[in-house]
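Report on the structure
As a plain string of letters, each chain reads:
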Amino acid sequence: MCYIWPDRSADPEHINAFKDAVPYAAHLWSGDREEAWNLDILCTHPDFEGMKHGSSLVKWGISQAEKEEICASVIAAWEKDPYYARFGYKEVGRADVGPIAGVKGGAVMFRDKKARE
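Throughout this document, residue positions are counted from 1 along each chain, in the order its sequence is written. pLDDT decides what is reported in this predicted model: residues at 70 or higher carry local features, side-chain atom pairs at 80 or more are listed and counted, and totals for whole chains, interfaces and linings draw on all residues regardless. Each side-chain value is worked out from all heavy atoms of the structure, with water and hydrogens disregarded.

1. Some thoughts on the pattern of salt bridges
- Whenever a carboxyl oxygen of Asp or Glu lies within 4 Å of a side-chain nitrogen of Lys or Arg, that contact is scored as a salt bridge. The final tally for this structure, using the stated rule, is four salt bridges.
- The salt bridge involving D112 is made with R33; its shortest N-O contact spans 2.9 Å. Taken together, the positions of D112 in the segment after β4 (107-111) and R33 in the loop between α1 (12-25) and β1 (36-38) put the pair 79 residues apart, joining distant regions of the chain.
- Under the scheme applied here, a residue whose accessible area is under 20% of the maximum for its type counts as buried, over 50% as exposed, and between as partly exposed, the area being computed with a 1.4 Å probe on protein chains only. Residue D112 is classed as partly exposed on the basis of its relative accessible area, which comes to 41%.
- For R94, the salt bridge is made with E91, and the minimal N-O distance between the two is 3.4 Å.
- Taking the relative accessible area as the measure of exposure, R94 reaches 31% and is therefore partly exposed.
- Residue E91 is classed as partly exposed on the basis of its relative accessible area of 41%. Helical segments are the DSSP runs of H or I of at least four residues, strand segments are the runs of E of at least two, and each set is numbered from the N terminus.

Listed below in structure tokens is the structure:
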């Protein structure tokens, strides 16, 4: 997993809780899903929502995963599961476990790699 540090976008206490929760969901990125384009750091500023920028980012991430013949994953924010489902993502587990249990959101969703023809 690659991180961009220092992350000044969130409370350090929340960042630590998220890092402490990683082992509870890490098993979801195993087997055929071990290598993945993780779209977690892609986001759209609220001022630009509804302008298709987010869709462009998701499509770009999917195309990168397809080029490398691997899957793409995302941890969906609260109430964003249907958004990612439109792009073929399916929920395979939850990331709102352990020290972040009860946090809104947290669906771990994958768009599996396409079978070779």
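Additional details are given in the paragraphs that follow.
2. What to know about helix α2 (residues 53-67)
- Here the expected span of a helix is defined as 1.5 Å times the quantity of residues minus one. For α2, which comprises 15 residues, the first-to-last C-alpha distance of 21 Å matches the rise-based estimate of 21 Å (1.5 Å per residue) to within 8%.
- Within α2, burial applies to G54, S55, V58, G61, I62, Q64 and A65.
- Note on contacts: a residue pair is in contact if any heavy atoms of the two residues lie within 4.5 Å. At its buried positions, α2 is contacted by β1, β2 (71-76), α3 (81-85) and β4.

3. Quick notes on the sheet that holds β4
- One open sheet accounts for four strands, arranged β1-β2-β4-β3; its pairing is mixed. The open sheet has two edge strands with one neighbour each: β1 and β3 (90-94). Each neighbouring strand pair of the sheet contributes to a mean axis angle of 30 degrees, computed without reference to strand direction.
- Across three bridges, β1 lies against β2 in parallel orientation. Within β2, the position partnered with W37 by the bridge is A72.
- Here α2 sits on the sheet and contacts β1, β2 and β4; the angle it forms with β1, its principal contact strand, is near 160 degrees. By the convention used here, strands pair only if DSSP detects at least 2 bridges between them. Axes here refer to lines fitted to C-alpha atoms; in helices the fit is confined to the stretch in contact. Angles between the N-to-C directions go from 0 to 180 degrees.

4. Quick word on the nonpolar core
- Counting 13 residues, the largest nonpolar core has V58, V74, Y84, Y89 and M109 as its most contacted members.
- Listing elements by their share of this core, those giving two or more residues are α2, β2 and β4.
- Core analysis: the next-biggest nonpolar cluster, separate from the first, contains eight residues, L28, W29, A36 and F110 among them. As used in this record, nonpolar core signifies buried Ala, Val, Leu, Ile, Met, Phe, Trp, Tyr and Cys residues forming a set joined through side-chain atoms within 4.5 Å.

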